[in-house]
Amino acid sequence: MTKSFYIILTAAASLIVLFLMGQWIGRSYSLTKEQLARQIHESFCHATERYQTNKTKNLPTLFREELDKYHLDKLAFRIDTVFLNSPDIVQRESIRYFTDYNDLFNKQHTFVFPINDTQGIRAYIRNPRAGSIGKLLYFFFGTTIALGILLICIRKQIKIIKQQDEIARIREDFSYAMIHDMKTPLSSILMGARILRSGKLDGKPEKKEKYFDILEEEAQHLLALTNKVLTISKLEHGQLLLEKSLIPIRPMLEELTQLFTAKTNKTVTFRLNIDAKDIFADEEYLKEAVSNLIDNAIKYSGESVEIQITSCRYNQFTQIKVKDNGIGISLAAQNHIFDKFERASINRSNAADGVTGFGLGLNYVMNVTRSHGGYVSVESQEGKYSEFTISLPVSTTEETTV
């Protein structure tokens, strides 16, 4: 649900609450005992007057019609025949003040209407406040439900506002991290272009070639980052088409280990344990996902890094595990390390730790794995190790072979 939906719903719920509370409070004041006593007395007066005018009509029916005019349709009564010489008889002529018919209301009676010289009839009210309380209960429960909806909407809006604030903060941190991390390669490209244009290296072909290599490497770095952002966006919106096939795992891992051994300044030892020979996936995206895990293993480890990469079959999944001897991940952090820009959100407070990045790597791994119909998991212990596992479904061809 969008924020605008909850705003409209909140406004509607507020109006309903105000209306129902107004009705409830208003009726609470108007439907007092005294008011109810007057209404019952007046209803019986009008009913007896109509009965005297036309005795072909039924008095209980006339009384019910008069009560309905006051919206007392829930009121239940019975008509009793009494003797006029009884000591508790009160006729209409005897009622002159409010206390007179209020006393009758307390006894749940109306005045006696004579039908002959010795007998009369009166109504006995079985539930004198049923009508008024019933209506009040309707408004009370209606108000309660509307208030509940209102509180839910307010809570939802607060949650949405917090999420928007968090997104704004993450975007701000991401922008800071991006600018900070892109500044170095852009400066290198700019500096290299100026030196090459100056002609100072025209007589030094080896140095000139080295500068071209630097320019190309930095440009590739920026292009890879751009492609990663675009790929994640496509994966999240289901717009990325994967070309899956059976990929030999060992050649892919050996290529990655050679690449990272060459470009890192740390002492890295790779140990490969290849039990599952092939995996059904899109080679380009799977290779980039594993590359991200290896890159993180090197980044978040000391100067001497040991990385164990294992492939195995588990149930109907082929798994690739990347385990390091690095700093590990806390249990609290494990709940959100796969969120987008998670690394960017902590870059500012940890800018001195020497680790750069935008928090896209693990999010990329998660989205690529999900797009293959698999899942990614993490097991870690602070100060000891981290192990990430990519699990992809076994293809029909592999099942048949096995």
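Whatever comes next refers back to the structure up there.
These numbers were taken from a predicted model, which means no experiment stands behind them.

Asks: Help me understand the packing of helix α2 (residues 33-53) against helix α3 (residues 59-69) in this model?
Replies: For any two helices packed against each other, one specifies the crossing angle of their axes together with the interaxial distance. At their nearest, the axes of α2 and α3 sit 8 Å apart, and the two run at 135° to each other. In terms of orientation, α2 and α3 fall into the oblique class. The handedness of the crossing between α2 and α3 is right-handed. Taking contact as the criterion, the partners of Ile40, Ser43, Phe44, His46, Ala47, Thr48, Arg50 and Tyr51 in α2 are, on α3, Leu59, Leu62, Phe63, Glu65, Glu66, Leu67 and Lys69.

Asks: Mind showing me how you'd approach the sheet that holds strand β3 (residues 119-125) here?
Replies: Two strands in a sheet stick together by hydrogen bonds in their backbones, pointing the same way (parallel) or opposite ways (antiparallel). If you walk across this open sheet you meet the three strands as β1-β3-β2, and the pairing is antiparallel. Sheet topology places β1 (77-83) and β2 (113-114) at the edges, where each strand pairs with a single neighbour. Judged from the seven bridges that link them, β1 and β3 form a sheet pairing that is antiparallel. Paired with Ile79 across the bridge in β3 is Ala123. Against the sheet, α3 engages β1 and β3, with an angle of about 130° to β1.

Asks: Got a minute to help me understand the packing of helix α7 (residues 249-263) against helix α8 (residues 283-299) in this structure?
Replies: Where α7 contacts α8, the two axes come as close as 11 Å, and the packing angle between them is 40°. The pairing of α7 with α8 is recorded here as oblique in orientation. Here the hand of the crossing between α7 and α8 comes out right-handed. Where α7 approaches α8, its residues Met252, Leu253, Glu255, Leu256 and Phe260 are matched on the opposing element by Leu286, Lys287, Val290, Ser291, Ile294, Asp295 and Ile298. Residues belonging to the contact of α7 with α8 are distributed by class as follows: eight nonpolar, one polar and three charged.

Asks: I'm lost on the sheet that holds strand β8 (residues 317-324) in this one. Help?
Replies: In space, the five strands of this open sheet follow the order β5-β7-β8-β10-β9, with mixed pairing throughout. Both outer strands of the open sheet, β5 (267-274) and β9 (375-381), are each paired with one neighbouring strand and no more. Across the sheet, the mean angle separating the axes of adjacent strands is 15° when strand polarity is ignored. Alignment of β5 against strand β7 (residues 304-314), held across eight bridges, turns out to be parallel. Residue pairing across strands places Leu272 opposite Ile309, the latter belonging to β7. Contacts from helix α11 (residues 361-371) reach β9 and β10 (385-393) within the one sheet, and its direction differs from that of β10 by about 25°.

Asks: Any chance you could explain the packing of aromatic side chains here in plain terms?
Replies: A ring pair, where both rings are aromatic, is described by two values, the distance of the centres and the angle of the planes. Here the structure, examined in full by the defined rule, presents six aromatic pairs. Their ring planes at 80° and their centres at 5.1 Å tell us that Phe44 and Phe63 sit as a pair that is edge-to-face. Pair noted here: Phe44 is in helix α2 and Phe63 is in helix α3, with a separation of 19 residues, a long-range link. This pair shows no difference in class: Phe44 is buried, exactly as Phe63 is. Judged by centre distance (5.9 Å) and plane angle (80°), the rings of Tyr51 and Phe113 are edge-to-face. Taken together, the positions of Tyr51 in helix α2 and Phe113 in strand β2 put the pair 62 residues apart, joining distant regions of the chain. The residues Tyr51 and Phe113 share a single accessibility class, namely buried. By way of ring pairs, the aromatic residues Phe44, Phe63, Phe77 and Phe111 are connected into one cluster. When the ring centre of Tyr385 is taken as reference, the NZ or CZ atom of Lys323 above it lies at 4.7 Å.

Thresholds applied
Residues numbered from 1 in each chain as written. Predicted model: local features only at pLDDT ≥ 70, side-chain atom pairs only at ≥ 80, totals over all residues. Heavy atoms only, no water. Axes fitted to C-alpha atoms, helices over the stretch in contact; angles between N-to-C directions. Helix = DSSP H or I, 4+ residues; strand = E, 2+ residues; numbered from the N terminus. Parallel < 35°, antiparallel > 145°, perpendicular 65-115°, else oblique. Left-handed = near helix turned anticlockwise from the far one by under 90°. Contact = heavy atoms within 4.5 Å. Pairing = 2+ DSSP bridges. Nonpolar A, V, L, I, M, F, W, Y, C, P; charged D, E, K, R; others polar. Phe/Tyr/Trp six-rings, centres within 6.5 Å; stacked < 30°, edge-to-face > 60°. Buried < 20%, exposed > 50% of the residue type's maximum accessible area, 1.4 Å probe, protein only. Lys NZ or Arg CZ within 6 Å of the ring centre and 35° of its normal.

From the geometry alone we can't say anything about function, so treat these as descriptive.
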